[in-house]
Amino acid sequence: MLYLVPTPIGNLEDITLRAIRVLKEVDIILAEDTRTSRKLLDHHGIETPLWAHHAHNEHAGVNGVLRELLAGKKLALISDAGTPGISDPGFLLVRECVRQEIRVECLPGATALIPALVLSGLPCDRFHFEGFLPHKKGRQTRAQYLASLPQTFALYESPHRLVKALEQLLEFCGPERSACVVRELSKLFEEAHRGTLAALVAFFQQHPEKIKGEIVIVVAGKEGKEEKHEKYEKHEK
């Protein structure tokens, strides 16, 4: 049996009692970075053996993991932070488990997406999650697509590409589109910067010291389509 176990995105206390129990009971924990995961496990007194399972060895390592599962062992998959499979390794292993009819359970838990979306103050009854934009090929095409969406959209970005991402979104969404940049969720220096895309580009260009940590960008949907839908809902009520 394979358990997918979300881990804290910052504060080590943001883990469920069930997750701690499962991590203690399984035979092996598959970790994206064993050094990072060891800090979490030591904090909660978890002594289960760790195996490395990350983007660089995921394809090669799947068969070995499957052998352990088919032999009757219980394994847990964790990422450095958040829910496995969401912009982190996990999909390939889950797909193979499904094909081999190995039972998989995914525990609820931490993710950066939902807190950032709610903190943004933008409509979140409907939203689009993009994950990471492509680094090179297809990046502008995806940004242009996102700009056309009627609903709020969210994406992850690394610190050294934040300004570039905001500039590309500004190009396709326009300078007045509302947005929010959330960083270091649940950590000591958590911040949410809200404003127009033009204002956010200017702010981060002037304050490069603020560009650090894990980042989520949330952008309002294109006006028009969503406004009509909201008016229809209000009329129905």
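Thresholds, definitions, all that
Residues numbered from 1 in each chain as written. Predicted model: local features only at pLDDT ≥ 70, side-chain atom pairs only at ≥ 80, totals over all residues. Heavy atoms only, no water. Helix = DSSP H or I, 4+ residues; strand = E, 2+ residues; numbered from the N terminus. Contact = heavy atoms within 4.5 Å. Areas by Shrake-Rupley, 256 points an atom, 1.4 Å probe, with all protein chains shown as cover. Lys, Arg positive; Asp, Glu negative; His and termini not counted. Charge placed at Lys NZ, Arg CZ, Asp CG, Glu CD. Buried < 20%, exposed > 50% of the residue type's maximum accessible area, 1.4 Å probe, protein only. Arc of directions from axis to C-beta. Core = buried A, V, L, I, M, F, W, Y, C linked by side-chain atoms within 4.5 Å. Disulfide = S-S within 2.5 Å. Pairing = 2+ DSSP bridges.

The helix and strand inventory of the chain stands at 9 helices and 10 strands. Its C-alpha atoms give the chain principal-axis dimensions of about 55 × 45 × 40 Å. For the chain, the share of sequence-separated contacts (at least 6 apart) that also reach a separation of at least 24 residues comes to 69%. In the structure as shown, the chain presents an accessible area of about 12800 Å², 52% of it carried by carbon and sulfur atoms. Side chains of the chain carry 31 positive and 32 negative charges; the gap between the two charge centres is 3 Å.

Here we come to helix α4 (residues 91-99). Regarding α4, the residues found buried are Leu-92, Leu-93, Glu-96 and Cys-97. Projected onto a plane normal to the axis of α4, the buried residues spread over an arc of 135° and lie on a single side. Residues of α4 that are exposed and angled more than 90 degrees away from the buried face: Phe-91, Val-98 and Arg-99. Note on α4: the residue one or two positions beyond its end, Glu-101, has a positive phi of about 60°.

Here the focus is the nonpolar core. For soluble globular proteins, the rule of thumb is that nonpolar side chains tend to be buried together. Judged by nonpolar contacts, the single largest core of 22 residues is most densely connected at Phe-153, Leu-162, Leu-166, Leu-169, Val-181, Ile-217 and Val-219. Elements with a contribution of two residues or more to this core: α6 (139-148), β7 (152-157), α7 (162-173), β8 (178-183), α8 (197-206) and β10 (215-219). With 5 residues, α7 is the single largest residue contributor to this core. For Val-181, the contacting residues outside a window of four places in its chain are Leu-162, Leu-166, Glu-191, Ala-192, His-193, Leu-200, Phe-204, Ile-215, Val-216 and Ile-217.

Glancing now at the state of the cysteines. Per the counting criterion, the structure on display carries 0 disulfides. Residue Cys-124 stays outside any disulfide, its sulfur separated by 12 Å from that of Cys-180, the closest cysteine. Here Cys-173 is not disulfide-linked; the sulfur of Cys-180 is the nearest cysteine sulfur, at 15 Å. Judged by relative accessible area, which is 14%, Cys-173 ranks as buried.

A few words now on the pairing of β10. Counting buried residues along β10, 5 of its 5 residues qualify, which places the element largely inside the surrounding structure. Of the two faces of β10, the one lined by Ile-215, Ile-217 and Val-219 and the one lined by Val-216 and Val-218 are each fully buried. Where β7 meets β10, 5 bridges bridge the pair, whose relative direction is antiparallel. Paired with Phe-153 across the two strands is Val-219, which belongs to β10. The sheet contact formed by β8 and β10 spans 5 bridges and is antiparallel.

Function cannot be read off these values alone, since they describe shape.
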